[in-house]
Amino acid sequence: MKLSILSLGLWCLTAWALPTQAATPTKPNIVLILADDLGHGHVSCFNPQSLIKTPRVDRLASEGIRLTDAHSGSAVCSPTRYGILTGRYAWRTRLKSGVLVPYDPPLIEKDRLTLPAMLRQQGYRTACIGKWHLGWEWPGGKAGPHDFTAPIIEGPTTRGFDYYFGTDVPNYPPYAFIENDRLTAQPTAEKPAANLDGRVGPMAPGWQFDAILPELTRRSVNYIERCAKEKRPFFLFMTLTSPHEPIAPSAGFRGKSGLDSPLADFIIETDATVGAVLDAIQRAGITENTLVIFTADNGSSLYSGAADLQKKGHAPSAGFRAAKGSIYEGGHRVPFVARWPGRIAAGSRSDRAVCLTDFMATFTALTGARLPAES
C-alpha cells in the first residue's frame, strides 16, 4: 500500500470540496454501500437511456459527486472485496483467479491491517452488514462434516469489524444468517437441486431468498440510528446481496419495473435500499457529517437476467464492452457516487479514473492515520 495511490482517490473527497466549515468535525461517519453485480448501465444517472430508473442513487449523485470512470479491483467478487478492505490487489494472495467457494478459509491474512481495523484505531465503531465472501474457518474445515452449532472463527469480527450480520454468500450454503461468529438458525433442512438460486446444501428451515435484502436494510438502518446517538464516529460497510443471484425481489417490488424482469425489479429494490439508508441518516440528524459512498463490486452478470434486458433495449454496461468476469471495461467499470455535504460540492462530476482498491489509502489520509510500511 503506497501513498502514491492517493492520487486516485483523495480527489473525490477534496478536489471538488467546498470550504471546510468550522463546525464540521474532522472525522466523518462513513457509510460505504457496495452493490453486487450492478452494471454501470443499471444506474440511470450513468445511463440516460436506461430502462431502469434509480431515483435514490440519482439523488445521492445530485447531492454529491458522480465519478464516471470508476473501476473495481477485479471483474468478480472476492478479489474486489479483498482490495477494498486491505488496499492490496488479490493477486498478492493465494487467489490468483476466480472467487472463493463454499467453506474456503479466510483470504485476508491474520496480521494484515484492514480498513475497519485502521478506522477502529482512529476511534471509529465499525460494522459490516451483508455479504462477506472472504472466507472463514468453518468448524469441520473445508471438507466437513461441519458443526454448525460451533463458532465460525476468523471471520469479519477478527478482521477489524466490531459487528457483523449477513450471509456469507447468498447462493452458497449454508443458507442462514450469521451474526458475528454464529449462525442465527441451524441449517437442518437441505436446499434442493442446484440452479441459479444457489448450490445444494444445508439450509435453515423456512429460509427465503427474498427476505435477505429487507433484513440487511433493516439491520443497517437500526445500526445507523444507534450509532447516531453516540459521539464516536462510525463506519458501516453495507455489502448488498443484490442484484446478484438469487434474483429475489421481495413482494412489494415484483413487477415494479414494468419490464417483465425480476432482475430489473431487484435493481429497483436495491435503489430503494439506498433510499432507506439515506432517510435513516437524515432522520438521525447526521447528514452533514456523514460521507456516503455507493458503488459496486464488478459489472453486471449477463447470466442472471441482464441478457434478456439487453434484448429489450437496456444496456447493462452502458455501451462498454462485455460484463462481469471480463477483462473488458464492462467487467470492472462500476457506478460510483459520493456525498459529504459541505465538503463535496453538490452536482459535481469527474471523468478521472479511480479504483476501489484505493479506499484504504483515501480513508487513512481522511482520518489522519498513517499506513504502515509495505511488507
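Residues numbered from 1 in each chain as written. Predicted model: local features only at pLDDT ≥ 70, side-chain atom pairs only at ≥ 80, totals over all residues. Heavy atoms only, no water.

**A closer look at the overall build of the chain**
Helix and strand counts for the chain stand at eight helices and 13 strands. The C-alpha radius of gyration computed for the chain amounts to 19 Å, which stays within 12% of the reference 21 Å derived for 375 residues, consistent with globular compactness. The 375 residues of the chain split such that 62% are buried. Residue pairs in contact within the chain that sit at least 24 positions apart in sequence constitute 76% of those at least 6 positions apart. When the accessible surface of the chain is split by element, carbon and sulfur atoms take 54% of a total near 14,400 Å². Distance between charge centroids for the chain: 5 Å, based on 40 positive and 34 negative side chains. (Helix = DSSP H or I, 4+ residues; strand = E, 2+ residues; numbered from the N terminus. Rg over C-alpha atoms; globule rule 2.2 N^0.38 Å. Buried < 20%, exposed > 50% of the residue type's maximum accessible area, 1.4 Å probe, protein only. Contact = heavy atoms within 4.5 Å. Areas by Shrake-Rupley, 256 points an atom, 1.4 Å probe, with all protein chains shown as cover. Lys, Arg positive; Asp, Glu negative; His and termini not counted. Charge placed at Lys NZ, Arg CZ, Asp CG, Glu CD.)

**Some details on the packing of aromatic side chains**
Going through the model one piece at a time under the given rule, you end up with 16 aromatic pairs. Aromatic pair Trp132 and Tyr164: ring centres 6.4 Å apart, planes at 65°, arrangement edge-to-face. Remark: Tyr164 occurs in strand β4 (residues 163–166) and Trp132 occurs in the loop between β3 (125–130) and β4; sequence separation between them is 32 residues. Accessibility assignment for this pair places Trp132 and Tyr164 in one class, buried. With centroids separated by 6.4 Å and ring planes inclined at 80°, the aromatic side chains of Trp138 and Phe148 adopt a geometry described as edge-to-face. One end of the pair, Trp138, is in the loop between β3 and β4; the other, Phe148, is in the loop between β3 and β4, and 10 residues separate them in sequence. (Phe/Tyr/Trp six-rings, centres within 6.5 Å; stacked < 30°, edge-to-face > 60°.)

**Some thoughts on the side chain of His71**
Among the structural elements, His71 can be located in strand β2 (residues 65–71). On the accessibility criterion, His71 (14% relative accessible area) is buried. Within the structure, the side chain of His71 is placed 3.0 Å from the side chain of His332, a separation counted as a polar contact. Setting aside anything within four residues of it in sequence, one finds His71 in contact with Glu329, His332, Arg333, Val334, Val354, Cys355 and Leu356. (Polar contact = N/O pair within 3.5 Å; in protein donor to acceptor, adjacent residues only side chain to side chain.)

**Thoughts on the pattern of salt bridges**
Where side chains of opposite charge bring their charged atoms close, a pairing between them can arise. Per the stated rule, a full pass over the model turns up 22 salt bridges. Where Lys131 meets Asp36, a salt bridge forms, and the shortest distance between an N and an O atom there is 2.6 Å. Here Lys131, found in the loop between β3 and β4, pairs with Asp36, found in the loop between β1 (29–35) and α2 (55–62); they are 95 residues apart in sequence, far enough to count as distant. For Lys131, a relative accessible area of 1% puts it in the buried group. With a closest N to O distance of 2.9 Å, Arg219 and Glu215 form a salt bridge. Taken together, the residues span about one helical turn, with Arg219 and Glu215 both in helix α5 (residues 212–227) at a distance of four residues. Overlapping salt bridges bring together Asp36, Arg81, Lys131 and Asp297 as one network. (Salt bridge = Lys/Arg side-chain N within 4 Å of Asp/Glu carboxyl O.)

**Let's talk about the confidence of the model for the chain**
Mean pLDDT for the chain: 93, with 92% of residues reaching 70 or above. Here residues 1–12 is a poorly scored stretch, pLDDT under 50, and it has 34 contacts once near neighbours within four places are set aside; other chains count. Confidence over residues 14–25 falls short of pLDDT 50; this stretch has 23 contacts with residues more than four positions distant or in other chains. (pLDDT = per-residue confidence, 0-100.)

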